[in-house]
Amino acid sequence: MNNPFHGLGTALITPFTPDGNVDYECLAALTERQITGGVDFLCVLGTTAETPTLTDEEKRRIMQTVAHVNAGRVPLLLGAGGNCTHQVCQWISSADLSGFQGLLIVAPYYNKPSQEGLFQHFKAVSAVSPLPLILYNIPGRTGVNITPATVLRLIAACPNIVGIKEASGLRDQISQLLREAPADFGVICGDDSIALPLMQEGAAGVISVIANALPEHFRCVVDDRDAAAEQRLQAIVRLTMADGNPSGIKAILHAMGLCPNVLRLPLVPVCSAVEQEIKAEMKAFQA
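Description of the structure in this document. (Residues numbered from 1 in each chain as written. Predicted model: local features only at pLDDT ≥ 70, side-chain atom pairs only at ≥ 80, totals over all residues. Heavy atoms only, no water.)

In terms of regular secondary structure, the protein is built from 12 helices and 8 strands. Here the protein has a C-alpha radius of gyration of 18 Å; the compact-globule value for 287 residues is 19 Å, and the two agree. Projected onto the principal axes, the alpha-carbon positions of the protein cover approximately 50 × 40 × 35 Å. Burial status across the protein gives 54% buried among its 287 residues. (Helix = DSSP H or I, 4+ residues; strand = E, 2+ residues; numbered from the N terminus. Rg over C-alpha atoms; globule rule 2.2 N^0.38 Å. Buried < 20%, exposed > 50% of the residue type's maximum accessible area, 1.4 Å probe, protein only.)

With that out of the way, let us pick up the packing of helix α4 (residues 115-128) against helix α6 (residues 148-157). Between α4 and α6, the least distance of the axes is 10 Å, while the angle of their chain directions is 30 degrees. One element, α4, and the other, α6, form an angle in the roughly parallel class. Handedness of the α4/α6 crossing: right-handed. Judged by residue contacts, Gln115, Glu116, Phe119, Phe122 and Lys123 of α4 engage Thr150, Arg153, Leu154 and Ala157 from α6. Its residues assigned to classes, the contact of α4 with α6 shows 4 nonpolar, 2 polar and 3 charged. (Axes fitted to C-alpha atoms, helices over the stretch in contact; angles between N-to-C directions. Parallel < 35°, antiparallel > 145°, perpendicular 65-115°, else oblique. Left-handed = near helix turned anticlockwise from the far one by under 90°. Contact = heavy atoms within 4.5 Å. Nonpolar A, V, L, I, M, F, W, Y, C, P; charged D, E, K, R; others polar.)

Locating Thr51 in the fold gives a position in the loop between β2 (41-44) and α2 (56-70). Residue classification places Thr51 among the buried positions, given a relative accessible area of 13%.

Taking 1.5 Å of rise per residue, the 14 residues of α4 would be expected to cover 20 Å, and the 21 Å separating its terminal C-alpha atoms lies within 8% of that figure. Inspection of α4 places Leu118, Phe119, His121, Phe122, Val125 and Ser126 among the buried residues, and these make up the whole buried set. Projected onto a plane normal to the axis of α4, the buried residues spread over an arc of 165 degrees and lie on a single side. The inward-facing, buried residues of α4 abut α3 (85-94), β4 (102-106), β5 (133-137), α6 and β6 (161-166). (Expected span 1.5 Å × (residues − 1). Arc of directions from axis to C-beta.)

Moving on, we come to the nonpolar core. If you look at the biggest cluster of nonpolar residues, it comprises 83 residues, and the most contacted ones within it are Ile62, Leu103, Phe122 and Phe218. Of all hydrophobic cores here, the second largest spans 14 residues; its members include Phe41, Cys43, Val162 and Ile207. (Core = buried A, V, L, I, M, F, W, Y, C linked by side-chain atoms within 4.5 Å.)

Next up on the list: the pairing of β5. A large share of β5 lies buried, amounting to 5 of its 5 residues. Residue alternation in β5 divides its side chains into two sets, Leu133, Leu135 and Asn137 and Ile134 and Tyr136, and both sets are buried. By the bridge criterion, 4 bridges tie β4 to β5 in an arrangement that is parallel. The partner of Leu103 across the bridge, within β5, is Leu133. What joins β4 to β5 is α4, and the crossover it makes is right-handed. Bridge count for β5 against β6 is 5 bridges, and the pairing is parallel. (Pairing = 2+ DSSP bridges. Right-handed = clockwise from strand over helix to strand, strands pointing away.)

Quick look at the state of the cysteines now. This structure, assessed with the given rule, holds 0 disulfides. Take Cys89: it sits in no disulfide, and the sulfur closest to it among the cysteines is that of Cys84, at 8.9 Å. Overall, the relative accessible area of 12% leaves Cys89 in the buried class. (Disulfide = S-S within 2.5 Å.)

This is the structure:
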């Protein structure tokens, strides 16, 4: 299968109303803003979307809302992972995936499988998926790292595994993948702070958090390898993670007047000190 996910992708947030319900109207506006801002693809129901706190019905409506607004303009990547292989396969087999061009499958979290367990999990998912798969390696959240050897083994065994979102922060490991994976396999950066050097090294793109707020500016980093643009964004990128993701990006979007600063427990808004720093940095950035 071909990999349609390259260039600048945004890990979409899930906006909530002040009373804690999903704000579908705001989601539609944010989706349109991303597309007109020039992103190459959108990632829906990933980490940044607070997906573990959403009901099945909310997930279904979010998928429908984004697909409707997008209307086929950019590829849509859907987070569809989990830590029970049977449940992931069952969901993929029964879900309406209309409007989506690929699935993002995170390494199983909490149960900490071996490399063989990871291989068998992804192989089972690939066998039932009608869409291309992007692996998602984020050991800081899952507790397990997908090694390059396992990735290369999966590439050989599963033709519909076409890329990996690498958010391990392990530069040597990512560089090894860039060297050893087939040319048509997409290594996608999952960390805004190292997107530029990885793109310069050959990464296929980035799934960005800060692009929720500043898609046009981050596009310069991705498309033009613009070091000056990357330098200008460094402070804001740091603030997206100062009190965790997506707390930081929601505070930034709120400071821009784009969505309420509301999260679902166990996540909470950034602390007051970080919030004030965000407001000051955004005011200076937009001046």
